[in-house]
Every structure is written in structure tokens, then in C-alpha cells.
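# Secondary and tertiary structure notes
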Amino acid sequence: STAIYPNTTDTLNILDFGGKKDSSDNNKAALETAMESMSGREGVIYFPEGKYLFKGSVRIKSGITIQGAGAKQTFFYFAAANTVSEDAFIINNDV
């Protein structure tokens with residue numbers, strides 16, 4: 001069992017929002033849906049062991065923590081949605 005940090009009752013599993021840990025399906029929509037479901041609350045979106053692909057930039061909302069199962073268990077892969085290079089995760093500083 002993986003300890004979730006920060007300790008919060010608002011912890012969501014990306015798989016519950018359609019996330020796929022197969023390194024071929026795009027997880028951008030699943031992550032965006034999980035963040036929206038937090039309704040502005042702070043919390044953790046947890047990625048169990050696996051390989052997660054994201055196509056295009058993902059804007060991480062303020063107060064959201066992204067956590068995996070560990071450095072050797074959870075991997076994030078990023079591919080540009082267009083032919084131009086894009087940022088992977090964009091961290092929002094707004095409140």
C-alpha cells in the first residue's frame with residue numbers, strides 16, 4: 001500500500017476517471033475530468049503503477065497534487081498534440 005501525501009481525504013484514483021496505464025491511450029481527458037471533479041478543493045490525484053501517456057499540455061489546477069506509486073512504478077510519457085513542442089504539466093499559481 002502506498003502512502004498518499006499530502007494526507008487528505010480528497011484522493012482520487014485516475015483509473016476511476018477513465019485513465020489507462022498502458023502507455024498508448026491518452027490520459028489528458030481523464031486527468032482534466034478528475035481535477036474538475038474536485039470542484040476547487042485541494043486534493044491528490046493518484047496514479048497507480050503503470051505507464052501513462054499524455055498528448056498535449058495539461059494545466060494542473062492550484063491545490064492539486066499528482067502522485068504516483070513510486071519512481072520505479074509510475075511513469076509519465078508526453079507527446080506533443082501538434083507538430084510543435086509543448087510543455088508537459090503546466091502548474092497554475094492562481095487561487
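Procedures and definitions
Residues numbered from 1 in each chain as written. Predicted model: local features only at pLDDT ≥ 70, side-chain atom pairs only at ≥ 80, totals over all residues. Heavy atoms only, no water. Pairing = 2+ DSSP bridges. Helix = DSSP H or I, 4+ residues; strand = E, 2+ residues; numbered from the N terminus. Axes fitted to C-alpha atoms, helices over the stretch in contact; angles between N-to-C directions. Contact = heavy atoms within 4.5 Å. Buried < 20%, exposed > 50% of the residue type's maximum accessible area, 1.4 Å probe, protein only. Polar contact = N/O pair within 3.5 Å; in protein donor to acceptor, adjacent residues only side chain to side chain. Phe/Tyr/Trp six-rings, centres within 6.5 Å; stacked < 30°, edge-to-face > 60°.

Quick look at the sheet that holds strand β1 (residues 11-13) now. Taken in spatial order, the 3 strands line up as β1-β3-β6 in an open sheet, and their pairing is parallel. This sheet does not close on itself; its edge strands, each paired only once, are β1 and β6 (64-68). Each strand axis lies, on average, 25° off the axis of its neighbour in the sheet, ignoring direction. On the sheet, helix α1 (residues 28-37) packs against β1, β3 (43-47) and β6 and is oriented at approximately 155° with respect to β3.

We now examine the side chain of N27. Position of N27 relative to the elements: it lies in the loop between β2 (22-26) and α1. A relative accessible area of 1% means that N27 is categorised as buried. Of the polar contacts made by the side chain of N27, one reaches the backbone oxygen of D25; its length is 3.1 Å. Aside from chain neighbours lying at most four places away, what touches N27 is G19, K20, Y52, L53 and F54.

A few words on the packing of aromatic side chains. Counted according to the given criterion, the structure contains 6 aromatic pairs. Between F47 and F54 the ring centres are 6.1 Å apart and the planes differ by 65°, which places this aromatic pair in the edge-to-face class. By relative accessible area, which is 0% here, F54 ends up buried. Their ring planes at 85° and their centres at 5.0 Å tell us that F47 and F76 sit as a pair that is edge-to-face. Within this pair, whereas F47 is found in strand β3, its partner F76 is found in strand β7 (residues 74-79), the two being separated by 29 residues in sequence. An aromatic cluster is built from F47, Y52, F54, F76 and F78, whose rings are joined through pairwise contacts.

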